[in-house]
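Residues per chain are reported as follows:
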Amino acid sequence: MKLKLDKKDLKPFLQSLMDEYNLFAPAQLAEGVYVFRKIDHPDEVDLSCSNTQKPAKEVFFPQSETMFRYEKAGKQHQVTSAEEVERKRVILGARPCDIQAVSLLDEVFLGKEYTDSYYINKRNATTIIGMACGQPLSTCFCSSTGGSPFLRKGSDLFFIDLGESFLVELLTEKGKSFQKNKFFKEAKPEEISLAKAIEEKAVQKTDASVPIEGIEKRLDLMGESLFWDRVHEICMGCRVCTYLCPTCHCFDIVDEGEHQQGQRVRNWDSCLSPLYSLETSGHNPRPSCRERTRQRLMHKFSYFPTNFNKVACVGCGRCILYCPVHFDIRKAILWTSSKRPKEFDGGMI
Amino acid sequence: MVLKKAYVETTDRMLRTLELSFINEEDAKAFRFIPGQFCELSVLGKGEAPFGIASSPTENGSLKFTINKAGVLTTALHHLEEGSEVGIRGPLGNAYPIDLFKGKNVLVIGGGFAFTTLRSLIVYLLHPENRNKVKDITVIYGARMPGLLLYKEELAEWEKRKDLKLVVTVDWGDKDWKGKVGLVPNVLEEVGPASENTYAVICGPPIMIKFTFPKLMTLQFPNERIYTSLEKRMKCGIGKCGRCNIGHLYVCKDGPVFSYAQLEKLPKDY
Amino acid sequence: MEERLKVIQDRIREKAKELLSNKTVDLIIGFGEGSLPLRTTIRFIRNPGKVDRLIWNSFCENNLSTYLHKLSQSKVGLVVKGCDARSIIALSLEKRFKPNQLFLIGVPCQRMVDRRKVSKAVQGEILQAVEEGDQLIVEGEGFKKVLNRNDFLYPSCQVCVHRTPIQANVLVGDPVEESPLIKTHPEIIEFEKKSPEERWRFFEKETSRCIRCYACREVCPMCYCAECFVDSSNPKWTEKGLSPSDLEFYHIVRAYHQTGRCSGCGACERACPMDIPLTYLTQKLNQDVKELFNFETGIDAEAPPPLSTYETEDKQEFIK
């Protein structure tokens with residue numbers, strides 16, 4: 001039996017979620033600017049955007065997170081960890097690409113030797129309600145990265161926007177615990193077929209032609225290629241791509257406060273920053289944009305796959321949409337393949 | 001941990017060795033490490049950074065770290081009073097491949113203040129329980145000037161030992177210096193250790209490594225038997241924050257000790 | 001309009017070909033076709049045979065002078081609008097490049113179209129955009145809309161009175177009439193009506209969504225400090241997280257570091273992924289500089305920025 005949620009019941013449904021969970025959903029900060037954040041009132045939730053600027057990974061891996069607080073008590077310091085999650089959470093409205101990215105982050109943070117307890121506590125405490133992409137953008141290439149606008153993997157519940165209602169699929173144990181939710185009604189046959197039609201159309205629309213398959217091996221052969229001298233040229237090192245990328249996971253750890261009292265915080269960082277790899281001696285292994293751009297592309301498409309057998313890109317297209325100089329990562333990937341234009345001149349193809 | 005003792009190592013006062021002891025007995029018992037590993041030390045409010053462990057696991061009770069005063073945290077570490085608290089996370093990283101050294105000769109080449117973890121290795125190998133596990137030990141250690149040599153008292157003791165060949169050199173001597181004067185790569189050539197059945201461990205500033213490495217090649221050392229400990233900017237120390245990667249490996253987790261055979265296959269990102 | 005744009009485009013290509021062929025420059029930096037409508041990308045051309053990749057339209061919104069900080073050794077030809085050329089004058093006063101290093105291909109600017117504003121004017125994704133005369137025709141799945149380009153220009157372009165890059169080595173179009181479409185930035189008009197408390201609340205609200213990506217800083221030609229104040233750890237001016245006071249501090253200080261140096265090109269605002277209206281800050285400061293010191297950035301190649309000089313006539317009433 002398939003379920004649905006009528007849109008007129010959405011706000012009460014959200015309120016009922018908020019009674020039990022901390023709800024994280026897209027909210028509009030300004031016209032056209034959306035982020036995932038903790039919702040204080042159902043009116044804040046805005047599911048109309050194709051995708052948020054800041055990705056859903058924020059719910060598990062916040063941009064700025066206190067790790068522990070300390071306070072001097074006599075000769076020693078009292079240290080209080082901030083890794084516990086006070087209340088269980090629900091994330092609503094995450095797109096399949098962002099959810100696929102979270103599973104890539106799992107590989108990093110839930111490692112064999114060391115586990116990131118800040119991440120895993122949030123991860124375990126969260127139920128994910130994924131939202132299918134009925135209207136992918138032309139920049140969406142999730143189908144080239146092993147994803148799809150209707151990828152259900154990673155979601156506990158899956159919503160499909162049908163216009164007047166959402167079709168609701170309960171996928172995992174966590175999802176099935178919502179079986180008896182009073183706002184979920186039985187879906188009508190025409191609603192189920194509409195969902196199928198939307199799915200078929202959406203899957204056709206995303207770009208499956210980006211040659212990501214086998215890119216790791218191709219990049220291994222490109223060690224000192226002229227490609228690296230050219231691909232970085234138009235990049236201004238602005239870092240927008242790394243801050244909006246759902247799979248980027250680099251962070252910095254700093255102490256805030258003074259010796260008496262303060263906290264240790266971790267903040268997102270970017271390998272495109274000149275200071276990122278600067279050593280105390282003054283030596284910087286990545287002194288120019290060339291090395292840093294190379295690091296970014298190699299990490300996503302070669303180093304990460306070597307460690308985890310998957311590329312660290314989910315085809316969300318944010319880097320293409322928001323890059324101030326319109327660097328198109330699809331073109332960089334295309335150029336590594338045999339389908340590339342004969343010459344790679346200055347700038348991008 | 002708590003700062004037990006601190007003393008200046010070099011005449012320019014930029015290097016200071018801190019001897020730290022554990023606050024809790026259980027931590028002291030549980031902390032097991034191998035030479036080559038490092039710890040992340042922190043002073044709350046100032047920050048945290050990785051430092052190679054200079055003491056050997058055979059020196060029970062306290063840990064020694066030699067700190068170069070270079071920034072906010074290291075200055076704070078230099079100014080700590082005895083009895084002050086120091087945060088520690090460790091032991092982290094891989095270690096020198098002690099198991100591979102069994103039954104072989106060991107050549108240790110150190111330059112400047114990269115000698116810290118090499119001290120850990122040498123003290124470990126010289127310990128009565130370990131000395132006869134390896135055959136000949138040769139140590140070549142150079143600094144720019146006599147005042148900048150680390151662990152001067154220990155060097156003097158080691159010079160007297162018969163079970164170790166120690167050659168200390170400086171780039172420029174002073175009026176009191178009676179030892180060798182010469183750059184490490186040239187001294188290595190002069191000493192000319194045999195490469196057969198020998199493992200080389202080399203730690204030093206990039207410029208020293210750049211000129212010493214070809215000399216090791218001339219002496220016929222194969223890449224699989226040359227090890228080094230790499231320096232890289234680190235933060236988490238456990239392979240999560242992404243900062244210290246060289247190719248697909250992380251210096252904090254898969255290193256900092258690498259063989260040259262491994263490094264050959266990685267991008268020159270260090 | 002599009003005729004004029006085509007003529008300019010052809011002349012840019014001609015000039016680029018000439019400069020590369022006779023080796024006046026090693027490299028030409030200009031605009032190229034983007035893979036999305038309403039976008040251009042940047043082209044670095046070294047081969048005179050490839051100049052047909054250079055284009056000119058109303059989406060050539062970037063300030064290419066920022067690249068000069070990356071290219072200290074090459075002889076470079078740059079395609080510049082009025083604002084970009086003024087940035088270059090400001091940079092030359094700060095001795096950021098050698099005098100004979102540059103060749104400026106100046107384009108009298110037709111004012112650039114605000115692509116985000118255009119996207120917000122329709123429902124759905126724009127898949128095609130064509131300029132025809134003063135019209136911008138946008139099409140997507142199930143819609144086609146004709147917009148008047150003058151309703152969709154960047155505010156910094158609407159107030160601009162220096163659209164002709166007189167400082168360039170060559171102009172590839174006729175100089176344009178230098179009258180603004182509006183006298184003052186609309187946000188500044190609103191801002192000036194506010195009381196100090198209201199101004200602060202507006203500023204607080206807009207900066208609260210800043211994600212400290214520093215795109216505004218990196219794309220700005222005038223931000224080239226080897227170590228920016230926000231990255232300094234000793235002294236530590238700000239923390240590195242998202243505390244509102246740090247966000248506000250960063251934007252205030254950055255705006256003030258631009259005073260007397262900013263050409264109003266709008267690159268900061270166009271780069272910001274969170275749509276923070278940054279130019280109202282810099283434009284307001286530019287306005288104040290004009291009133292107080294009768295100075296505009298990048299007009300006089302000899303006049304140093306007012307905040308780097310002292311005149312005995314400078315007003316001092318603010319010193320209490």
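Residues numbered from 1 in each chain as written. Chains lettered and ligands numbered in written order. Predicted model: local features only at pLDDT ≥ 70, side-chain atom pairs only at ≥ 80, totals over all residues. Heavy atoms only, no water.

Engineer: Explanation requested: the interface of chain C and chain A in the structure shown.
Structural biologist: Reports often express the size of an interface as the amount of accessible area lost when the parts come together. Each partner contributes to the interface: chain C provides 41 residues, whereas chain A provides 50 residues. Regarding the contact of chain C and chain A, the summed buried area is about 3800 Å², with carbon and sulfur atoms giving 52% of it. Counting every contact that joins chain C to chain A gives four salt bridges. Residues K205 of chain A and E141 of chain C are paired through a salt bridge, measuring 3.3 Å at the closest nitrogen-oxygen approach. At the junction of chain C with chain A, the criterion picks out 24 residue pairs in polar contact (both at pLDDT 80 or more). Those elements giving two or more residues to the side of chain C that touches chain A turn out to be β2 (40-45), α3 (115-120) and α7 (215-219) of chain C. Partitioned by chemical class, the residues of the side of chain C that touches chain A number 14 nonpolar, eight polar and 19 charged. (Contact = heavy atoms within 4.5 Å. Buried area = accessible area lost by both parts, 1.4 Å probe. Salt bridge = Lys/Arg side-chain N within 4 Å of Asp/Glu carboxyl O. Polar contact = N/O pair within 3.5 Å; in protein donor to acceptor, adjacent residues only side chain to side chain. Helix = DSSP H or I, 4+ residues; strand = E, 2+ residues; numbered from the N terminus. Nonpolar A, V, L, I, M, F, W, Y, C, P; charged D, E, K, R; others polar.)

Engineer: Looking at this structure, I do not really get the confidence of the model for chain B. What am I missing?
Structural biologist: Low pLDDT means the predicted coordinates in that region are not meant to be read closely. Counting all residues, the mean pLDDT for chain B is 92, and 100% of those residues have values of 70 or more. Here the complex is predicted with pTM 0.93, and the ipTM for its interfaces comes to 0.93. (pLDDT = per-residue confidence, 0-100.)

Engineer: When you look at the sheet that holds strand β7 (residues 126-131) of chain A in this model, what are you seeing that I'm missing?
Structural biologist: Hydrogen bonds along the backbone pair up the strands of a sheet, which may run parallel or antiparallel. Residue and element names in this part refer to chain A. Ordered by their spatial adjacency, eight strands build an open sheet running β3-β2-β6-β7-β8-β9-β1-β10, and the pairing between neighbours is mixed. Single-partner strands in this sheet number two, and they are β3 (33-38) and β10 (185-186). Here strand β2 (residues 22-30) pairs with strand β6 (residues 89-94) via three bridges, running parallel. Along β6, the bridge assignment pairs N22 with R89. (Pairing = 2+ DSSP bridges.)

Engineer: Sorry, what's going on with the pattern of salt bridges here?
Structural biologist: Two side chains that carry opposite charge are able to pair once their charged atoms sit near each other. What the rule picks out here adds up to 62 salt bridges over all chains. With a closest N to O distance of 2.8 Å, R261 of chain C and E94 of chain C form a salt bridge. With R261 of chain C in the loop between α8 (244-258) and α9 (267-271) and E94 of chain C in the loop between α2 (82-93) and β4 (102-106), this pair connects stretches of sequence that are 167 residues apart. Connected through salt bridges with shared partners, the residues K4, D6, K8, D9, K185 and E191 of chain A form a single ionic network.

Engineer: Where do I start with the nonpolar core in this structure?
Structural biologist: It is characteristic of soluble globular proteins that their nonpolar side chains tend to be buried jointly. Counting residues in each nonpolar core, the largest one holds 158 residues, and the members touching the most others are F301 of chain A together with I29, W56 and Y67 of chain C. With six residues, helix α1 (residues 2-21) of chain C is the largest single contributor of residues to this core. Not counting chain neighbours up to four residues away, the residues in contact with F301 of chain A comprise I212, I215, E216, L219, V311, C313, I329 and I333 of chain A. Within the second largest apolar cluster, 35 residues are counted, among which are L15, V108, I122 and V123 of chain B. (Core = buried A, V, L, I, M, F, W, Y, C linked by side-chain atoms within 4.5 Å. Buried < 20%, exposed > 50% of the residue type's maximum accessible area, 1.4 Å probe, protein only.)

Engineer: Mind showing me how you'd approach the packing of α8 of chain C against helix α10 (residues 279-293) of chain C here?
Structural biologist: Describing two packed helices takes the angle between their axes plus the distance from one axis to the other. Residues and elements named next belong to chain C. Running from N to C, α8 and α10 point in directions that differ by 40°, and their axes come no closer than 9 Å. One finds that α8 runs oblique with respect to α10. Of the two elements, α8 crosses α10, and the hand of that crossing is right-handed. Residues H251, A255, Y256 and Q258 of α8 form the contact with α10, whose participating residues are L281, T282 and L285. Classifying every residue of the contact of α8 with α10 gives four nonpolar, three polar and no charged. (Axes fitted to C-alpha atoms, helices over the stretch in contact; angles between N-to-C directions. Parallel < 35°, antiparallel > 145°, perpendicular 65-115°, else oblique. Left-handed = near helix turned anticlockwise from the far one by under 90°.)

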